[in-house]
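Remarks on the overall topology
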Amino acid sequence: MNTPTHMLIGAALFARRGAPRVTLAAFAGGLVPDLAMFALIFWATRVAGMSQGEVFGSLFFSDDWQRIFAVDHSFFVWGTLFAVAARWRFAVLRAFAGGGLAHAAADFLTHRDDARQQLWPVSDWVFRSPVSYWDQAYYGNIVAPLELALVLVLTGVLLLRLTRAWERAMTLLVATILIVPVILSGGFHGLHGLG
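Anyway, here's the lowdown on the structure attached to this text. These numbers come from a predicted model, not from an experiment. (Residues numbered from 1 in each chain as written. Predicted model: local features only at pLDDT ≥ 70, side-chain atom pairs only at ≥ 80, totals over all residues. Heavy atoms only, no water.)

**Some details on the side chain of Asp135**
- Structurally, the position occupied by Asp135 is in the loop between helix 7 (91–110) and helix 8 (140–161).
- Within the buried set, Asp135 has no salt-bridge partner at all; the shortest N-O distance to an opposite charge, 7.1 Å, is to Arg112.
- Apart from the residues within four sequence positions on either side, Asp135 is in contact with Asp113 and Gly140. (Helix = DSSP H or I, 4+ residues; strand = E, 2+ residues; numbered from the N terminus. Buried < 20%, exposed > 50% of the residue type's maximum accessible area, 1.4 Å probe, protein only. Lys, Arg positive; Asp, Glu negative; His and termini not counted. Salt bridge = Lys/Arg side-chain N within 4 Å of Asp/Glu carboxyl O. Contact = heavy atoms within 4.5 Å.)

The following block contains the structure:
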C-alpha cells in the first residue's frame, strides 16, 4: 500500500480523541517503516545522480536495500515493540508500534514482487502476496481503487473522531497526498512509488 494509506490506517486503529501525543504516534508509526526507503531513493536519485529506472530496476531489489527493508517491515521488530508497550501500558509507544505493525501487515497482504522479509531476523523467507497494490498483473487495477475508497472512509472516520484542528488538518494533508495525484492524472498509475 501507499505510505499515506498506512498512516491513516495506523491513526484509525490507534489514535484517540483527547490524546494528541497518541494520535501523532499512530500517524508516525504508519510512516516510519517507509522512511529508510524514501531516504535511500532520495540519496540514489538526488545525491548519487542515478535514474529512477536504475533505482527501481535493480538497486531497490539489491541485497543491501532488502536487508534494510527487512528490519523496518519485520513483524518481530514491530510486534516486540508493541508487546512491550502494551505490557507496560505506554500508550504513545503502543500507538506508534501498532501503526508500524499495521503497516507491515498491510504490506504483507499487498506486495508481490516488492515484498519484504517479514520474519526478520528469524527467517529470510518472503511471502509474495497473490495481489499487488500497484501491479496490474496481480490485480493492482482492482486494489488501487479499493485503497482509494479505504482512504476516503478512514479520512471520514478520523475527521469525526479527532477534535483538534491540527489533527484534522494532518488527516486531510495525509489523505490529499494520495487523492490529488489520482484526480490530476485521472487514474491510479501515479500511485506506485509512494510506499
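**Quick word on the nonpolar core**
- Counting residues in hydrophobic clusters, the biggest one holds 21 residues, and the most contacted among them are Leu8, Phe27, Val151, Leu158 and Val174.
- Of all elements in the fold, only helix 1 (3–14), helix 7, helix 8 and helix 9 (165–185) reach the threshold of two or more residues within this core.
- When residues in this core are grouped by element, the largest group, 6 residues, is from helix 9.
- Beyond its immediate chain neighbours, meaning those up to four positions away, Phe27 contacts Met7, Leu8, Ala11, Leu158, Met170, Thr171 and Val174.
- With 9 residues, the next largest nonpolar core counts Val55, Leu59, Phe60 and Phe69 among its residues. (Core = buried A, V, L, I, M, F, W, Y, C linked by side-chain atoms within 4.5 Å.)

**A closer look at the pattern of salt bridges**
- All told, the structure shown has 1 salt bridge when counted by the stated rule.
- The shortest N-O distance in the salt bridge between Asp64 and Arg67 comes to 2.4 Å. Of the two residues, Asp64 and Arg67 are both situated in helix 5 (residues 63–72); the distance of 3 residues between them amounts to about one turn of the helix.
- Residue class for Arg67 comes out partly exposed when judged on its relative accessible area of 47%.

**Observations concerning the environment of Ala26**
- Its place among the elements puts Ala26 in helix 2 (residues 20–31).
- Residue classification places Ala26 among the buried residues on the basis of a relative accessible area of 0%.
- When the C-alpha positions of Ala26 and Pro121 are compared, they lie 24 Å apart, and in sequence the two are 95 residues distant.
- Excluding residues that lie within four positions of it along the chain, Ala26 makes contacts with Met7, Gly10, Ala11, Phe14, Ala15, Ala95, Phe96 and Gly99.

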